[in-house]
Amino acid sequence: MKIMSNRMDYGYFKYQEEFEEKALSVLRSGWYVLGKEVDSFEKNFAHYTGAAHCVGLASGLDALWIAVKLLGIGPGDEVIVQGNTYIASVMGITINGATPVFVEPDAYYQIDADKIEEKITSRTKAVMVVHLYGHVADMDKILHICRKYGLKLIEDCAQSHGALYKGRMTGTFGDAGCFSFYPSKNLGAFGDAGAIVTNLPALAENARIFRNYGSEKRYYNKVVGANSRLDELQAGLLNIRLAHMQEITEERRQLAAVYSRELHQEDILLPGQRPDTEPVWHQYVIRTRRREELIDYLNQRDIGTLIHYPVPPHLAEAYHSLGYRKGDFPITEKYAGTVLSLPFYSGMLPEEQQYVIDCINSFR
Ligand SMILES: *Cc1c(COP(=O)(O)O)cnc(C)c1O
C-alpha cells in the first residue's frame, strides 16, 4: 500500500459533483474576478467564524502583510511572533519593513504566552499569534498582555479554520484574523486564495479598497494599493467546501483520535491538546529523536511524511540579515530537529491509516 504524506484528490472526489457544477456555472457566467461568489463567500465565512467582516484576498501571505500594513505597522516597529512558524508569518511582518521578535513555543507548539512580556519594548506594536498545526494558542493570557500594553493582535489562522478556544473561533480574538485557502489547508481552494476577518469596520473597508489598487470606484484611486483580488472560481468552490466544513473538521478530529489512541511506540511523542480548546488538526505532528531513521523506515514501506518545518525562520537564509545564530532559540530549534508530520488528509481511508499505525508500532 502506498500512502502519501498528503493528498488533495480524495477531498475533491468527496464533493465532486457540487464542485464541478459550481465551476461550470462560474465559467459560464462571464464574470471572473470579484463578484457575487466573492460577496457570498465573504458573508458566509464571516458568519462561520463569528467575525463581523470578511475581505477575500489572493493568498494567506497577502492577508498577513496587508493586515499588518493597514494596522499601521511599518519600519522601526516590532511584531512579536513565535519562532517555530511557517516563514510566511514572518514575511507578513518584514514585507512592511517591521522587525519580527521571536518567542519560543510551548508544549502545544504555540507561542509561549509566559515568554511574551519579556520581549516587549517601546517599539513593540503587535503580537502575531499563529495557531500552528490547527491547535490553539493560550488566548486569555495573550489578550491580557495585548490589553495591558496596548498592542494590536493579529492571528495567523492559515492552519486553524474552525479551531475553538473556549467555544470562540480563532481569528476573532484580535484586530485581524488572517486565513489562507491554499489547496492543502483545512478549507482549501483549487488555487491560491486568502482572507482577512475582522470586527473593525474601518479595517475591512480599507482592506477592500487596498486589494483593488486602492480604488473603491474604478479608476479613482484613494491610496497606493495592491492587486490581491479573490476570483469567482475560487470563491465559488470555497462556498461549496465551506458548506461541508463541519463534516471536514469532524473527520480530521476522528483521524487524530485514532492516531492518538492506536500509536504506541516509546521513541515517539504524540501531540497533546490544550485544555479549553478544540483543535482542527491541520497536521498530526509527532516528535522523535530518531527522525531520520523513522523517515527511512516509513519510506521503505511506501509511507510519505513531511517536516513542518525543518528550518526555523530565524535560521533561514532569507533572514540572515536579522543576525541570529544556531542556539538562539533552543526549543524552536529542538522542535525543528525532531517534528514529523504523519500522513493526514481529508478522505484518508481506515485501512490506509491502520497500515501507517501498524508500521510505526513495529518500528524498533
Ligand atoms: C500556508 C500558510 C501561510 C501562507 O498562506 P499562502 O496562502 O500560502 O500565502 C501563512 N501562515 C501559515 C502558518 C501557513 O501555514
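This text follows the structure it describes.
S.K.: Help me understand unusual backbone geometry, please; the structure alone is not making it clear to me.
M.R.: The general pattern is negative phi for most residues beyond glycine and trans for most peptide bonds. Following H308, the chain continues to Y309 via a peptide bond in cis, the omega torsion being 10°. By secondary structure assignment, the location of Y309 is in the loop between α10 (291–300) and α11 (330–338). In this structure, Y109 takes a positive phi of about 70° despite not being glycine. Here Y109 lies in the loop between β3 (99–103) and β4 (124–130). Even without glycine at this site, W281 takes up a positive phi of about 50°. The exposure class of W281 is buried, given its relative accessible area of 6%.

S.K.: Please clarify how a negative patch on the surface should be interpreted in this entry.
M.R.: Taken together, E17, E18, E20 and E21 make up a surface patch of like negative charges. Within the secondary structure, E18 is located in helix α2 (residues 16–29).

S.K.: I keep staring at the sheet that holds strand β9 (residues 194–198) and nothing clicks. Help me out?
M.R.: Strand pairing within a sheet occurs via backbone hydrogen bonds; the two strands may be parallel or antiparallel. On the basis of which strands lie adjacent, the open sheet formed by seven strands has the order β1-β9-β8-β5-β4-β2-β3 and mixed pairing. Only two strands of the sheet have a single neighbouring strand rather than two, namely β1 (53–57) and β3. Within the sheet, the average angular offset between the axes of one strand and its neighbour, ignoring direction, is 25°. Pairing of strand β2 (residues 78–82) with β4, which is carried by four bridges, proceeds in the parallel orientation. The partner of V81 across the bridge, within β4, is M128. Lying over the sheet, helix α5 (residues 87–94) contacts β2, β3, β4 and β5 (152–156), oriented at roughly 140° with respect to β3.

S.K.: Would you mind going over helix α4 (residues 60–70) with me for this structure?
M.R.: Each turn of an α-helix holds 3.6 residues, which means side chains three or four residues apart point in the same direction. Counting buried positions along α4 gives eight out of 11 residues, so the element sits mostly inside the fold. Among the residues of α4, G60, D62, A63, L64, W65, I66, A67 and V68 are the ones counted as buried. One side-chain oxygen of the residue at the start of α4 lies 3.4 Å from the amide nitrogen of L61, identifying that residue as S59. Of the residues trailing α4, G72 is marked for its positive phi of about 85°.

S.K.: Please clarify how the pairing of β3 should be interpreted in this entry.
M.R.: In terms of burial, β3 is a largely internal element, four of the five residues being buried. Pairing of β2 with β3, which is carried by five bridges, proceeds in the parallel orientation. Bridged to Q82 within β3 is V103. Crossover connection from β2 via α5 to parallel β3: handedness right-handed.

S.K.: Quick question: what am I supposed to make of the packing of helix α9 (residues 245–262) against helix α12 (residues 350–361) here?
M.R.: The description of two helices packed together rests on the angle between their axes and the distance between the axes. For the pair α9 and α12, interaxial distance at closest approach is 10 Å and the crossing angle is 25°. Between α9 and α12, the angle falls in the class roughly parallel. In terms of crossing hand, the pair formed by α9 and α12 is right-handed. Mapping the contact onto sequence places L255, V258, Y259 and E262 in α9 and Q353, V356, I357 and N361 in α12.

S.K.: Whenever I open this one, the packing of aromatic side chains confuses me. Can you help?
M.R.: What describes a pair of aromatic rings is the distance from one ring centre to the other and the angle between the planes of the rings. Across all of its chains, the model carries 24 aromatic pairs by this definition. Their ring planes at 75° and their centres at 6.0 Å tell us that Y12 and F190 sit as a pair that is edge-to-face. Taken as a pair, Y12 in helix α1 (residues 9–14) and F190 in the loop between β8 (176–180) and β9 lie far apart in primary sequence, 178 residues in all. Seen in terms of ring centroids, W65 and F210 are 5.7 Å apart; in terms of plane orientation they differ by 80°. Their pairing is edge-to-face.

S.K.: What is the right way to look at the environment of Q254 in this model?
M.R.: Its location among the elements puts Q254 in helix α9. Sequence separation between Q254 and D296 is 42 residues, and the spatial gap between their C-alpha atoms is 27 Å.

S.K.: Would you mind showing me how to read the site of the ligand here?
M.R.: Around the ligand lies a shell of 13 residues, among which G60, D156, Q159, S180 and K185 are the nearest. For the ligand, an oxygen atom lies 2.7 Å from a polar atom in the side chain of K185. In the complex, the protein chains occlude 91% of the 380 Å² of accessible area that the ligand would expose alone. Listed by contribution, the elements that provide at least two residues to the shell around the ligand are α4 and α5. Ranked by the residues each element gives to the shell around the ligand, the list is headed by α4, at three residues. For the shell around the ligand, the residue count by class is six nonpolar, five polar and two charged.

Rules used throughout
- Residues numbered from 1 in each chain as written.
- Predicted model: local features only at pLDDT ≥ 70, side-chain atom pairs only at ≥ 80, totals over all residues.
- Heavy atoms only, no water.
- Helix = DSSP H or I, 4+ residues; strand = E, 2+ residues; numbered from the N terminus.
- Buried < 20%, exposed > 50% of the residue type's maximum accessible area, 1.4 Å probe, protein only.
- Patch = residues over 30% accessible without salt bridge, like charges linked within 9 Å, V, L, I, M, F, W, Y side chains within 5 Å.
- Areas by Shrake-Rupley, 256 points an atom, 1.4 Å probe, with all protein chains shown as cover.
- Salt bridge = Lys/Arg side-chain N within 4 Å of Asp/Glu carboxyl O.
- Lys, Arg positive; Asp, Glu negative; His and termini not counted.
- Charge placed at Lys NZ, Arg CZ, Asp CG, Glu CD.
- Pairing = 2+ DSSP bridges.
- Axes fitted to C-alpha atoms, helices over the stretch in contact; angles between N-to-C directions.
- Contact = heavy atoms within 4.5 Å.
- Polar contact = N/O pair within 3.5 Å; in protein donor to acceptor, adjacent residues only side chain to side chain.
- Right-handed = clockwise from strand over helix to strand, strands pointing away.
- Parallel < 35°, antiparallel > 145°, perpendicular 65-115°, else oblique.
- Left-handed = near helix turned anticlockwise from the far one by under 90°.
- Phe/Tyr/Trp six-rings, centres within 6.5 Å; stacked < 30°, edge-to-face > 60°.
- Near = heavy atom within 4 Å.
- Nonpolar A, V, L, I, M, F, W, Y, C, P; charged D, E, K, R; others polar.

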